[in-house]
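Residue-level listing of the chains:
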Amino acid sequence: MKFDIIGDIHGCYDELLALMSKLGYQEKENSFDHPEERKLAFVGDLTDRGPNSVEVIKTVANLVETGQAYYCPGNHCDKLYRYFLGRKVQITHGLETTVAELNGLPNKDFKRIRHQFLTLVEKSPLYQVLDDHKLVIAHAGIKSSYIGQTNKRVKTFVLYGDITGAKNPDGTPERLDWAKHHQGSEWIVYGHTPVKEPRFLHRTVNIDTGCVFGGALTALRYPEMSIEQVSSLQPYVKEKFKDFESD
């Protein structure tokens, strides 16, 4: 099977439509078909910070529900999920933009979006294992030894990366570069940490190229392992991009 795996969207709906069009998907009656019967896959973080999280939710939920796409949640998805359940979460770090959109909806539309999103998350695995275990899609990555597990430690790693518990000077969590040590035969495709260019390292690929920070929205075509991108329509924020070369 052939996949087009799309990085963190963060509410950048116009860029999502442009990228799917560039990949050859044709919109027909609220669905997107590909002439080669390729499937879409999403690494999570559909919402927050960007201008149109609601339309991204509707589009991805419909694609997954109709069997045209695969999805696994990111940390922002997990937070929105908890918000929709009525749990106490901080309306910060981008969630405030999604909540503002939701609060502007008529009540029946809010309920429909809430139901769509809760269903999407609840019916999707923590990470996707595809193509006879040759491809794994996980929001912030996954260690080979964790594949097949879904305990709390694995969930934390998949959603947030290899965090140490310490903080960087800017207040963000300190994360270890797990991809440096990946030795498995499977390809692991992930996002979460914005990089200026897709990062290929030891059969891992980071495809979060910071669309919401003015970079690009990126798709990895599998098994070709080629890249397609569309430029972001958002303002460029240089300090949001991780520079592994200077580590």
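Up top is the structure these notes are about.
Now for a look at the structure at hand.

Rules of the game
- Along each chain, residue indices are assigned from 1 in the same order as the chain's sequence is written.
- With pLDDT at 70 or above as the cut-off, local features in this predicted model cover only qualifying residues; side-chain atom pairs require 80 or more to be listed or tallied, and sums for whole chains, interfaces and linings still use all residues.
- Heavy atoms from the whole structure form the basis of all side-chain values; hydrogens and water molecules are not counted.
- Remark: exposure states derive from per-residue accessible area (1.4 Å probe, protein chains only) relative to the maximum for the residue type, with buried under 20%, exposed over 50%, and partly exposed in between.
- Put simply, DSSP H or I for four residues or longer makes a helix, DSSP E for two residues or longer makes a strand, and each gets a number counted from the N terminus.
- Within this analysis, the arc is defined by the directions that extend from the helix axis to the C-beta atoms.
- Contacts are assigned to residue pairs that have any heavy atoms within 4.5 Å of one another.
- For this document, the term salt bridge refers to a Lys or Arg side-chain nitrogen within 4 Å of an Asp or Glu carboxyl oxygen.
- Joining through side-chain atoms within 4.5 Å is the link that ties buried Ala, Val, Leu, Ile, Met, Phe, Trp, Tyr and Cys residues into a set, and such a set is a nonpolar core.
- Residue count minus one, scaled by 1.5 Å, sets the expected span of a helix.
- Pairing between two strands is assigned when DSSP locates at least 2 bridges connecting them.
- Under this scheme, a helix contributes an axis fitted over its contacting stretch, all axes are lines through C-alpha atoms, and angles between N-to-C directions fall in the 0 to 180 degree range.
- Residues adjacent in sequence count toward polar contacts only when both atoms are side-chain atoms; beyond that, a polar contact is any pair of N or O atoms within 3.5 Å, and within protein one must be able to donate a hydrogen and the other to accept it.
- The disulfide definition used here is simple: a pair of cysteine sulfur atoms within 2.5 Å.

## Some remarks on helix α1 (residues 13–22)
- Inspection of α1 places Y13, E15, L16, L19 and M20 among the buried residues, and these make up the whole buried set. When α1 is viewed along its axis, its buried side chains cluster within an angular range of 155° and face the same direction.
- In this structure, the buried side of α1 is in contact with β1 (3–6), β3 (31–33), β4 (39–42), α2 (53–65), β13 (216–222) and β14 (226–231).
- Positive phi shows up at G24, right after α1, with a value of about 100°.

## Considering the pattern of salt bridges
- Summed over all chains, the structure comprises 10 salt bridges.
- The salt bridge involving K134 is made with D131; its shortest N-O contact spans 3.9 Å.
- For K134, a relative accessible area of 43% translates into the label partly exposed.
- With its nearest N and O atoms 2.8 Å apart, the salt bridge here joins R199 to D177. A residue pair is termed long-range when its members are at least 10 positions apart, and R199 in strand β11 (residues 199–201) and D177 in the loop between β9 (173–176) and β10 (187–190) qualify at 22 residues. For the pair shown, R199 and D177 are each scored as buried.
- When salt bridges with common partners are traced through the structure, they connect D4, R38, R221 and E224 into a single cluster.

## Quick look at the nonpolar core
- By size, the foremost hydrophobic cluster in this structure holds 41 residues, and its most contacted members are I6, I9, L40, F42, L46, Y71 and F117.
- Of all the elements in the fold, those that place two or more residues in this core are α1, β4, α2, β5 (69–71), α3 (75–84), α4 (95–103), α5 (107–123) and β13.
- The element contributing the most residues to this core is α5, with 6 residues.
- Not counting residues within four places of it along the chain, the set of residues in contact with I9 comprises L16, F42, G44, D45, L46, V56, V60 and L217.

## Examining α5
- An ideal rise of 1.5 Å per residue puts 24 Å on 17 residues; α5 measures up with 24 Å between its terminal C-alpha atoms.
- Of all the positions in α5, only D109, F110, I113, Q116, F117, L118, L120 and V121 are classed as buried.

## Notes on the sheet that holds β10
- Strand order in the open sheet formed by 5 strands is β6-β7-β10-β12-β11, and the pairing between neighbours is mixed. Whereas interior strands pair on both sides, the edge strands pair on one side only; in this sheet they are β6 (128–130) and β11. Going across the sheet, the axis of each strand differs from the next one's by a mean of 15°, ignoring polarity.
- In terms of strand pairing, β11 meets strand β12 (residues 204–206) through 3 bridges, oriented antiparallel. Note that in β12 the partner of L201 across the bridge is T204.

## Let's talk about unusual backbone geometry
- The linkage connecting Y222 with the following residue, P223, adopts the cis geometry, with an omega of 15°.
- Topologically, P223 is positioned in the loop between β13 and β14.
- One non-glycine residue, H192, lies in positive phi territory at about 80°.
- Here H192 is to be found in the loop between β10 and β11.
- Accessibility expressed as a relative area gives 12% for H192, which makes it buried.

## A few points about the side chain of R38
- With respect to the helices, strands and loops of the structure, R38 is situated in the loop between β3 and β4.
- A distance of 3.0 Å separates a polar atom in the side chain of R38 from a polar atom in the side chain of D4.
- Side-chain polar atoms of R38 contact the side chain of E224, separated by 2.8 Å.
- Among all residues touching R38, those that are not within four sequence positions of it are K2, F3, D4, Y25, R221, Y222 and E224.

## Comments concerning the environment of H133
- By the element assignment, H133 lies in the loop between β6 and β7 (135–137).
- A residue is classified by how much of its surface remains accessible, and H133, at 56% relative accessible area, is exposed.
- Residues H133 and W187 lie 54 residues apart in sequence; the distance between their C-alpha atoms is 8.8 Å.

## Side note on the state of the cysteines
- Summed over the entire model, instances satisfying the criterion amount to 0 disulfides.
- Of all cysteine sulfurs, the one in C72 lies closest to C77, which takes part in no disulfide; the gap is 8.5 Å.

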